[in-house]
Amino acid sequence: MPRRDDLSSILVIGSGPIVIGQACEFDYSGTQACRVLVEEGYRVVLANSNPATIMTDPEFAHRTYVEPLDVDVLAAIIERERPDAVLGTLGGQTALNLAVGLVERGVLERFGVELIGASAEAIHTAEDRERFKAAMTEIGLSVPPSGFAHNHEEALGVAEEIGFPLIVRPSFILGGAGTGIAHDLDSFRALARTAIATSPISEILIERSIAGWKEYELEVMRDRADNCVVVCSIENLDPMGVHTGDSITVAPIQTLADVEYQRMRDAAFACIRRIGVETGGSNIQFAVDPERGDMAVIEMNPRVSRSSALASKATGFPIAKIAARLAVGYTLDEIANDITRETPASFEPTIDYVVTKVPRWAFEKFPGIPDALGTSMQSVGEAMAIGRTFPESLQKALRSLEHGRWGLNCDPGETALDSVSDDELVRRASVATPDRPFQLEAAMRRGIGADRLASATGVDHWFLGQIGSIVGERERLAGRRVQNMARSDWRKAKRLGFGDAQLARLLGSTEDAVRRARLAVGVRPTFKTVDTCGAEFEAATPYHYSTYEDEDEVRPSRRPTVIVLGSGPNRIGQGIEFDYCCVQASFALRQAGYETVMVNSNPETVSTDYDTSDRLYFEPVGEEEVRNVIEAEQSVAEAGGGVVGVVVSLGGQTPLKLAGRLPRELVLGTSPEAIDLAEDRERWSALCARLEIPQPAGATATSVDEALAVLGRIGYPALLRPSYVLGGRAMEIVYDEPGLRQAMAALAPFGGTGAAGSLGREGGLSAERPVLVDRFLEDAIEVDVDAVRDRTGEIVIGGVMEHVEEAGVHSGDSACVIPPPTLPTSTVEVIEGYTRAIADALDVQGPINVQYAVKQGQVFVIEANPRASRTVPFVAKATGVPLAKVAARVIVGATLTELRAEGLLVSPGGGDRVSVKEAVLPFARFPDVDTLLGPEMRSTGEVMGTDRTFGLAFAKSQMAAGARLPDAGAVFLSLADRDKSAGLGAAVRFVELGFSLAATGGTAAFLEEHGVPVETIVAKVGEVRSGGDGEGVDAIELIASGKVKLVVNTPRGRGPRADGAYIRTTASVQGVPCLTTVAAARAAAAGIADWAGHPLTVRSLQELHQGDQLRLPL
Amino acid sequence: MSDALLVLADGAVFEGEAVGAGAPGGVATGEVVFNTVMSGYQEVITDPSYAGQVITFTYPHIGNYGVAPDDDESRRPWCRGVVVRDLAPRPSSWRSVESLGDFLERHGVPGIAGIDTRRLTRHIREAGALPCAFGPADEKTLLAAAQAEPGTDGVDLATAVSTPQPYRVGDGPLRVVAYDFGLKRAMLRRLGAMARVDVVPARTPAEEVLADRPDGVLLSNGPGDPAALGYAVDTIGAMLGEVPVFGICLGHQLLATALGGTTYKLAFGHHGGNHPVRRIESNGVEITSQNHNYAVADGSVPGADITHVNLNDGVVEGLRSRDLAAFGVQYHPEAGPGPHDAEYLFDEFLLLMEAGR
Ligand SMILES: Nc1ncnc2c1ncn2[C@@H]1O[C@H](COP(=O)(O)OP(=O)(O)O)[C@@H](O)[C@H]1O
Ligand SMILES: Nc1ncnc2c1ncn2[C@@H]1O[C@H](COP(=O)(O)OP(=O)(O)O)[C@@H](O)[C@H]1O
Ligand SMILES: [Mg+2]
Ligand SMILES: [Mg+2]
């Protein structure tokens, strides 16, 4: 069954902002889908609110709508574009739910649009846990005993019936939000309540807990002819009870006999057929009782998922690409396997290596949140590593996390466990946390038996045995010295994944000495190929990983080669934006005739697609591995080829940190010295002084006393900033000495627990890494600038972004606007002037990002980063200038003049539009966290709203961020004293717009003084006041009552649990939009006003920036 | 574990360490082939079709879930040796009774671990299956041994692995005779459900079998070169038309030969659990378990239709006689190890037998 010719135009729905449980894997799948559908000759219309995605680059679709992902908005897009079909299975849960919404609201019917991929019926049967379980039972597959409840009473009834332990899970949710395990009635009550609230259809599944069973996943594909294949099998190291997204997972399955595996495979096919997913990929989860082998089905995701991305990278089988082809009518046997080219896609990949994925969490950013893992996903990113054995891939994966660990222990981080008693160690390991693998290794090294560890943790004996071989090797090497290591010793250690740094520590030597010594005896990495077939057929695709074997498979290269270093696992502060830059660079450089080589460890990304670059090395982005790649590339260079250099300034802080450790002559673009100068506070200040660019008063300190001395000069409030960090890591505003002491404590190297000392993990505090103590500029407007400077000194300013929230809210967490809505042109000119001066002084050759704070018209520079920034993609979408591509070309020596001539550097478009970037925060995942914004960045993703006025654009951005502004109801105000006068204007606006006001005592009094009517005066939390309409109501009750549609609460008091915190937390739990700055409140009022007056309009990027017509990268 | 070398007849050398049983004089020999299954090593190692061969597993971790008696495909391993990257130090499974290492030792099967099996596989892919020798002995000795190793062309390995005595399994309504050329138990498990199965030695004469009028005859899988089994071809020739015949793997090649077809040796054969096969009748694709070095030449079988082809390389995977009740497949519908996609073939055999009653 070939391509469907009855379709000509297809709407692809993206997955929106990066959130926990839905990250850039859907940019990878969406990008693949768009490329395939365009290749197939369809007119592709794309909707995605996330400007940081590669798929939303105008060149990937004929029409690209960066608009809120909302049924009304999609309806408007469908009405304009009249697609023949909608593809909703490649945009995660978001797209899936929207597709269902479009069906249920009759939109597809009205415009005669077909839903391809999976039918609404199939989606319902898979997603509605009740129907899913019924379906599975019907086909004879077992599921844990369970019942459903739609309210508290029902819930208790079901609990009676099934008995504890119980797991509670809401229907129609992603990433396990609101799920948990209860061992008794009390914990059950609480759990059931939140779960019912979390489910969009307020339905929960109450199920017998089988925590401790082994957990597995199969990635299955099915085509229109009912051919089914398993693309990849995955085993979770952490047993049932830890969300697969939070588990260390391994491909292929390790501990199932073939008879057991085949039974699971049959079950998977029965499942996908019963659910009725006609075409595409599905992810099916199973649990197996380690004692008796009983098998249960856990769930099915009738769409491409996080695991599909992992499976694609793990096997080389491009699930999303193929799913897109299947959706338009092809069958598996009609599609060629890209990698072998000879053989068809209708087969099951077999692999001859082991793949390990390790999640990356951000607990350090959420003080007070226990780092225990459970059935609700909490990780913000993941790293994957490939090795020939599990120990090798595990150690590489742990290195890839960039969490200050060098592998499975054998590093400074391991000392944290030294003081812990054996029993305590086992007790800690019995709770799944990010530290579990390290605890297991430490325990085994102490001789604690595998049986005891297996029963305490549920980790399978096979995995423990493998960790045991790492321990064994370490013991073998104990007391050895570099000079008495034989070739076979080096080889054995490297084959178990030990990094040179780990070995240096073991052998009491240095990383460089270790490297020299092992190279001297010929122990160097060999690069193998991911080929889907275990070497049975020749592979055409150069997708490599390093290991220590006999044979190397990297092919000769005859063209100048540029190595682009990726940004590693997603984390808060460094995410998809940087992958966007790296991918754009690869495309731009390939177009310019270079061969590009990508090095990255993040399986969710487009950069780790084997066809994004000429060669892909799936490796940790660390010094040892990057040097290996450089040497491998140099060794295969033939006439006409050769390594031109390494791009370090597009992947965020990760590659930038390596700049100084790589061969000087190979670092392209801005020099390592300049990079260091920008990071080194002393020299940087001196530079600004020389350039006469004002900075907030401040100095560096490495101890509390030094810090106090500085504060004596500059005075409070002050901002503490560690150097060499990103995302405002461990940054604090201190208002007094106790605050200061507390903040400094958090910077202490290792040993500290939880958030305190968490920075130690990332290097801690030292003479080389002092803390910056700055005067904190209150009520200042923050401004971000992205620019590119070429070797001739010409500069192009990509964009000047004015932030909505004032300085003090991390640039990554505040909304920002292009063009600046309030800054006078004179100020913008000053800012551009400073930016030029700084770029010149640093002799920047490539991208630079500078941040400013404008206080009472005076411009202060906060920091400059001589690298691509988080905002580059947003600027590109807002102006139509492909800034990342321009930067990449400039880095390898092109001049802006040349790029203009080429037509790559175009003049900014979209002049008549306002674009707003809004941050998306993960508070819904962490109900106990204060939603107050601060200098430590906590957002996971971003959305963009663009329209004719600031108000409309802001309103769209809020809608896109999932906090749709209300059009009526009550606005609840609770303002800090210093914000009251500023808040007045906003309050007046709300009343004019027909909202009623509620406020806490002080705020109410202030407003009424100024003649603003306040309908409800509420008591401070806890204290019930008499008199006023607020009789007996406190803020929490009022918000919980549902009358309040918008909360404006600015900080009062500094305690983390100050009154306001309760208000903000309740709002976020109740899903009421909550603004924590007056600036945002004003913006919201403007938005509501404009929104009321204007009908919803949508525009594609191609229309906004004329001339942006489709030009596929390659 | 002592250091050991693997040396191929063409001189290629691989470093590893000895595992499993010790080989006489520190030298084990055989024809080296590879198998790409990621699970099912025990079934592969106990499959008589590997008689005379040294099995390289492309998946690096072998022995993970130990050894379970239920997974034996015959009464003992017949292969000459096992080559792996890593032999599990600590197997883990509720089904396991011993580690693979102990199993190999108990059955006298030598092995070598720590080998760059990917390099070896790529080598075999280029050079074709070739004789090898491995063990703790020195390189020169091993090379000589490898070059002295005859290989499998023209050798009758089936008689050697076949059951010496007839035996009976299953209690289904029908009566099937299974010719054991290296029979896998998985076939008996499938047939046993539908028939009473008499397993007979490879050299059992046709008259004897036809004498007690079975409903059908199964020609089993088995090792080596079909061209070396003239006696079997004659036997089959005598039975064709008299009784429904179903051939699997070697049995399929023998059937084809008996029908007048010819066979040839593939460069490195098909050994894995993921080969896509087109079922021409339905145009559907089935993922199959495969293990053969020889194949039936396309278009060489008069009076038969090709029913299945391999989508990777077009090799004939199945055929059916137009006017005689006989069909065969080159791959393994009984799985063990591998997918169950082709189980329906046993039902087709059932229908054929019922039709013949
Ligand atoms: N009955 C159960 N007992 C114990 N743990 C369970 C059970 N069901 C699910 N889990 C755990 O919860 C996690 C999330 O459940 P799942 O159904 O996959 O939800 P999601 O849609 O969030 O992936 C699973 O990965 C598994 O570890
Ligand atoms: N002196 C200051 N006064 C007010 N706010 C500041 C000051 N310095 C930094 N900030 C705020 O802290 C945030 C983080 O600081 P920054 O240096 O940008 O850290 P990072 O490099 O992690 O982005 C900035 O976005 C800004 O909002
Ligand atoms: Mg799941
Ligand atoms: Mg910043």
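Note that this is a predicted model, so its numbers are computed, not measured.

Q: I tried to follow the overall build of chain A on my own but got confused; where do I start?
A: Along the backbone of chain A there are 38 helices and 38 strands. Taking 2.2 N^0.38 as the reference for a compact globule, 1114 residues should give roughly 32 Å; the C-alpha atoms of chain A span a radius of gyration of 28 Å, in line with that estimate. Based on the C-alpha atoms only, the size of chain A along its principal axes is roughly 80 × 70 × 65 Å. Within chain A, the proportion of its 1114 residues that are buried is 68%. Long-range pairs, those at least 24 residues apart, make up 70% of the contacts in chain A between residues at least 6 apart in sequence. Taking the average location of the 109 positive side-chain charges in chain A and that of its 151 negative ones, the two points are 3 Å from each other.

Q: Looking at this structure, I do not really get the coordination of the magnesium ion (ligand 3). What am I missing?
A: Ideal values for angles at a metal depend on the geometry: 109.5 degrees with four tetrahedral donors, 90 or 180 degrees with six octahedral donors. All names here are of chain A. The protein atoms that coordinate the magnesium ion (ligand 3) are Q285 (OE1) and E299 (OE), at distances of 2.2 to 2.3 Å. In this pair, Q285 sits in strand β13 (residues 280–288) while E299 sits in strand β14 (residues 295–301), placing the two residues 14 residues apart along the sequence. In terms of burial, Q285 and E299 fall into one category: buried.

Q: How do you make sense of the packing of helix α1 (residues 25–39) of chain A against helix α11 (residues 319–327) of chain A when you look at a structure like this?
A: Each pair of packed helices can be described by the angle between their axes along with the distance between the axes. All names here are of chain A. Packing of α1 against α11 brings their axes to within 8 Å, and their N-to-C directions diverge by 45°. Here α11 runs oblique to α1, going by the angle between their axes. Between α1 and α11 lies a crossing of right-handed hand. Contact with α1, carried on its side by Y28, S29, Q32, A33, V36, L37 and E39, involves I319, A320, K321, A324 and R325 of α11 and no other residues of that element. Its residues assigned to classes, the contact of α1 with α11 comprises seven nonpolar, two polar and three charged.

Q: Can you walk me through the packing of aromatic side chains in this structure?
A: For any two aromatic rings, the description comes down to two numbers: the centre-to-centre distance and the angle of the planes. Tallied over the entire structure, the rule returns 20 aromatic pairs over all chains. Between B:Y179 and B:F181, the aromatic rings sit 5.9 Å apart at their centres with planes inclined by 15°, giving stacked as the arrangement. Take B:Y179 and B:F181: they sit in the same class, and that class is buried. Pairwise contacts between aromatic rings join B:F246, B:F327, B:F346 and B:F349 into one cluster. Geometry around A:Y28 places A:K313 over its ring, the cationic atom sitting 4.5 Å from the centre. Sitting over the face of the ring of B:W78, B:R76 holds its NZ or CZ atom 3.8 Å from the ring centroid.

Q: It is not clear to me how the interface of chain A and chain B should be interpreted in this structure. Could you clarify?
A: Many structure descriptions define interface size as the accessible area lost when the parts assemble. The interface of chain A with chain B comprises 58 residues on the first partner and 48 residues on the second. Here chain A meets chain B over a buried area of about 4,500 Å², counting both sides, of which 46% is carbon and sulfur. The largest share of the area that chain A buries against chain B comes from A:D258, A:R388 and A:E536, three residues that together contribute 14% of it. On the surface where chain A and chain B come into contact, there are 13 salt bridges. A salt bridge links A:R388 to B:D116, with the shortest nitrogen-to-oxygen separation between them at 4.0 Å. Counting every contact that joins chain A to chain B gives 31 residue pairs in polar contact (both at pLDDT 80 or more). Counting residues per element, the ones that place at least two in the side of chain A that touches chain B are β11 (228–236), α9 (258–275), α12 (390–400), α16 (461–477), α17 (487–495) and β17 (526–529) of chain A. Considered class by class, the residues forming the side of chain A that touches chain B number 21 nonpolar, 14 polar and 23 charged.

Q: How do you make sense of the site of ligand 2 when you look at a structure like this?
A: Residues and elements named next belong to chain A. Around ligand 2 lies a shell of 21 residues, among which R721, G728, L777, E782 and Q851 are the nearest. Here an oxygen atom of ligand 2 and a backbone polar atom of G808 are 3.0 Å apart. Within the contact set of ligand 2, an oxygen atom lies 2.9 Å away from a side-chain nitrogen or oxygen of H810. Contact with the protein chains hides 98% of the accessible area of ligand 2, taken as 540 Å² for the molecule alone. When each cavity is represented as a set of grid points, ligand 2 is found to reside in the largest cavity. Contributing elements (two or more residues each) for the shell around ligand 2: β24 (718–722), β26 (771–775) and β31 (858–865). Looking at the shell around ligand 2 residue by residue, the classes come out as ten nonpolar, six polar and five charged.

Q: I tried to follow the nonpolar core on my own but got confused; where do I start?
A: Taken as a class, soluble globular proteins show a tendency for nonpolar side chains to be buried jointly. Core analysis: the biggest nonpolar cluster contains 103 residues, and A:I10, A:L37, A:M221, A:I386 and A:L650 have the highest contact counts within it. Once residues lying within four places of it in the same chain are set aside, the contact partners of A:M221 are A:N227, A:C228, A:V229, A:V231, A:G280, A:G281, A:F317, A:I319, A:I322, A:A323, A:L326 and A:L332. Membership of the second largest hydrophobic core comes to 50 residues, among which are A:V471, A:L477, A:W490 and B:Y59.

Q: What exactly am I supposed to notice about the pattern of salt bridges here?
A: Two side chains bearing opposite charge may form a pair once their charged atoms approach each other closely. All names here are of chain A. The full count for this structure, using the stated rule, is 110 salt bridges over all chains. A salt bridge links E121 to R131; its shortest N-O distance comes to 2.9 Å. On the criterion of sequence distance, the pair formed by E121 in helix α5 (residues 120–127) and R131 in helix α6 (residues 129–138) is long-range, its members being ten residues apart. Here E121 falls in the partly exposed class, since its relative accessible area comes to 48%. The partner of E992 in a salt bridge is R989, with the nearest N and O atoms 2.8 Å apart.

Q: What is the right way to look at empty space enclosed by the protein in this model?
A: One way to see where empty space is left: roll a probe the size of a water molecule over the atoms. Residues and elements named next belong to chain A. For the structure shown, the criterion picks out 18 cavities of 30 Å³ or more. In this model, the largest cavity occupies a volume close to 680 Å³. Considering the residues around the largest cavity, the lining is formed by 43 residues, among which R721, M731, Q851, I862 and E863 are closest to the centre. Mapped onto the lining of the largest cavity, the elements with two or more residues apiece are α23 (672–679), α24 (681–691), β24, β26, β27 (781–789), β30 (846–855) and β31. When its residues are assigned to classes, the lining of the largest cavity shows 19 nonpolar, 13 polar and eleven charged.

Q: Sorry if this is basic, but what is going on with the coordination of the magnesium ion (ligand 4) here?
A: All names here are of chain A. Coordination of the magnesium ion (ligand 4) by the protein comes from Q851 (OE1), Q851 (NE2) and E863 (OE), over a distance range of 2.3 to 2.5 Å. In this pair, Q851 is assigned in strand β30 and E863 in strand β31, connecting sequence segments twelve residues apart. The class of Q851 is buried, set by a relative accessible area of 9%. Of the residues examined, E863 reaches a relative accessible area of 24% and is grouped as partly exposed.

Q: How should I be thinking about helix α6 (residues 185–192) of chain B in this particular structure?
A: Since the α-helix advances by 3.6 residues per turn, residues separated by three or four positions end up pointing in the same direction. Regarding α6(B), the residues found buried are B:A186, B:M187, B:L188, B:L191 and B:G192. Its buried side turned inward, α6(B) meets β10 (167–169), β11 (174–180), β12 (195–201), β13 (216–219), β14 (245–248) and α10 (344–356) of chain B.

Q: When you look at the sheet that holds strand β6 (residues 146–149) of chain A in this model, what are you seeing that I'm missing?
A: Through backbone hydrogen bonds, the strands of a sheet pair up, either in parallel or in antiparallel fashion. Residues and elements named next belong to chain A. Taking strand neighbours across the sheet as the criterion, the four strands line up as β6-β9-β7-β8 in an open arrangement whose pairing is antiparallel. Bordering the open sheet on either side are β6 and β8 (180–182), each of which pairs with just one other strand. On average, each strand axis in the sheet is inclined to that of its neighbour by 25°, with strand direction left out of account. Here four bridges tie β6 to strand β9 (residues 204–208), and the two strands are oriented antiparallel to one another. Note on β9: the bridge partner recorded for A149 is I204. On top of the sheet, helix α7 (residues 152–162) reaches β6, β7 (166–170) and β9; it is set at about 170° to β6, its chief contact.

Q: Is there a simple way to think about the sheet that holds β26(A) in this case?
A: Residue and element names in this part refer to chain A. With respect to topology, four strands assemble into an open sheet ordered β23-β26-β24-β25, the strand pairing being antiparallel. Each edge of the open sheet is held by one strand with a lone partner, namely β23 (698–701) and β25 (732–734). Between one strand axis and the next, the sheet turns by 25° as a mean value, whatever way the strands run. Two elements, β24 and β25, share three bridges in a ladder whose sense is antiparallel.

The rules we used
- Residues numbered from 1 in each chain as written.
- Chains lettered and ligands numbered in written order.
- Predicted model: local features only at pLDDT ≥ 70, side-chain atom pairs only at ≥ 80, totals over all residues.
- Heavy atoms only, no water.
- Helix = DSSP H or I, 4+ residues; strand = E, 2+ residues; numbered from the N terminus.
- Rg over C-alpha atoms; globule rule 2.2 N^0.38 Å.
- Buried < 20%, exposed > 50% of the residue type's maximum accessible area, 1.4 Å probe, protein only.
- Contact = heavy atoms within 4.5 Å.
- Lys, Arg positive; Asp, Glu negative; His and termini not counted.
- Charge placed at Lys NZ, Arg CZ, Asp CG, Glu CD.
- Donors = N, O, S within 2.8 Å, 3.2 Å for Na, K, Ca; no water.
- Axes fitted to C-alpha atoms, helices over the stretch in contact; angles between N-to-C directions.
- Parallel < 35°, antiparallel > 145°, perpendicular 65-115°, else oblique.
- Left-handed = near helix turned anticlockwise from the far one by under 90°.
- Nonpolar A, V, L, I, M, F, W, Y, C, P; charged D, E, K, R; others polar.
- Phe/Tyr/Trp six-rings, centres within 6.5 Å; stacked < 30°, edge-to-face > 60°.
- Lys NZ or Arg CZ within 6 Å of the ring centre and 35° of its normal.
- Buried area = accessible area lost by both parts, 1.4 Å probe.
- Salt bridge = Lys/Arg side-chain N within 4 Å of Asp/Glu carboxyl O.
- Polar contact = N/O pair within 3.5 Å; in protein donor to acceptor, adjacent residues only side chain to side chain.
- Near = heavy atom within 4 Å.
- Areas by Shrake-Rupley, 256 points an atom, 1.4 Å probe, with all protein chains shown as cover.
- 1 Å grid on protein atoms, 1.4 Å probe; cavity = no way out; pocket = protein on both sides within 12 Å on 5 of 7 lines; lining within 4 Å.
- Sits in = over half its atoms within 2 Å of the grid points.
- Core = buried A, V, L, I, M, F, W, Y, C linked by side-chain atoms within 4.5 Å.
- Points joined across faces, edges and corners; volume = space filled by probe spheres on them.
- Pairing = 2+ DSSP bridges.

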